[in-house]
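# Working through the structure, step by step
These are the residues of each chain, in order.
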Amino acid sequence: MKEMQCPCGSKKKLNDCCGTIINGRAAQTALELMRSRYVAYSLGEAQYLYDTTHGRHREEYKIESIAQWSKENTWTQLEIVSVEHGSVSDTRGVVEFRAYFTDSKDKSQVHHERSNFLKEKGKWFYLDGKMNPMEVDITRKITRNDPCPCGSGKKYKKCCG
């Protein structure tokens, strides 16, 4: 039997990539944890997803609901949009990604999120995330009356301007 390629897109074998993290090796970076969580969704590993969610937010999730959502969708691709911090020496990190999937009605979907990760006692956890984060065109000049690019909802002149 041919060993499965890792769904995270690394082109490595599952057991040489995210599979080792799901099976107990600690993620070294926020990006590694994010990739392994995507793989866990594609494999229906709800307990791993629950265990790697920070304790501050864990009560918001039910293992049964996670398992159902991950199994009723077919996960097709992970696209990493950006990574901020989250290296081996950091304690916080941000990963923006798009997870492509086909839902139970055979409709193509995209889960676009900017996720926050926290490292405590040498272990990375998913903290929270913002769905469909605002994209900022850095080539366009921001004027006083534009929405602030920080996402506060205020006008630029009343916020960061």
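Please refer to the structure higher up on the page.
Here is what the cut-offs are and how they apply
- Residues numbered from 1 in each chain as written.
- Predicted model: local features only at pLDDT ≥ 70, side-chain atom pairs only at ≥ 80, totals over all residues.
- Heavy atoms only, no water.
- Helix = DSSP H or I, 4+ residues; strand = E, 2+ residues; numbered from the N terminus.
- Buried < 20%, exposed > 50% of the residue type's maximum accessible area, 1.4 Å probe, protein only.
- Contact = heavy atoms within 4.5 Å.
- Areas by Shrake-Rupley, 256 points an atom, 1.4 Å probe, with all protein chains shown as cover.
- Lys, Arg positive; Asp, Glu negative; His and termini not counted.
- Charge placed at Lys NZ, Arg CZ, Asp CG, Glu CD.
- 1 Å grid on protein atoms, 1.4 Å probe; cavity = no way out; pocket = protein on both sides within 12 Å on 5 of 7 lines; lining within 4 Å.
- Points joined across faces, edges and corners; volume = space filled by probe spheres on them.
- Nonpolar A, V, L, I, M, F, W, Y, C, P; charged D, E, K, R; others polar.
- Core = buried A, V, L, I, M, F, W, Y, C linked by side-chain atoms within 4.5 Å.
- Pairing = 2+ DSSP bridges.
- Axes fitted to C-alpha atoms, helices over the stretch in contact; angles between N-to-C directions.

### Some details on the overall build of the protein chain
When you go through the protein chain residue by residue, the secondary structure sums to five helices and four strands. Reading the helices (α) and strands (β) of the protein chain from amino to carboxyl end gives α-α-α-α-α-β-β-β-β. If one aligns the C-alpha atoms of the protein chain with their principal axes, the spans along those axes are about 60 × 40 × 35 Å. For the protein chain, the proportion of its 161 residues judged to be buried stands at 36%. Restricting to contacts in the protein chain with at least 6 residues of sequence separation, those with at least 24 account for 39%. Within the structure as shown, the protein chain displays about 10,100 Å² of accessible surface, and the carbon and sulfur contribution to it stands at 48%. With 27 positive and 21 negative side-chain charges, the protein chain shows a separation of 6 Å between the mean positions of the two kinds.

### Thoughts on the layout of surface pockets
Taken as a whole, the largest pocket encloses approximately 390 Å³ of empty space. Lining the largest pocket are 23 residues; nearest its centre among them are Arg 37, Tyr 41, His 111, Glu 113 and Tyr 126. Counted by class, the lining of the largest pocket contains 13 nonpolar, five polar and five charged residues.

### Points about the nonpolar core
Within the largest apolar cluster, 29 residues are counted, with the highest numbers of intra-cluster contacts made by Cys 6, Cys 8, Met 34, Tyr 38, Val 39 and Phe 117. Setting aside chain neighbours within four positions, we find Val 39 in contact with Cys 6, Pro 7, Cys 8, Leu 14, Cys 18 and Ile 22.

### Concerning the sheet that holds strand β1 (residues 74-85)
Strand order in the open sheet made by the four strands is β1-β2-β3-β4, with antiparallel pairing throughout. In this open sheet, the two strands that pair with only one neighbour each are β1 and β4 (123-131). Sheet twist, expressed as the average angle between the axes of neighbouring strands with direction ignored, equals 30°.

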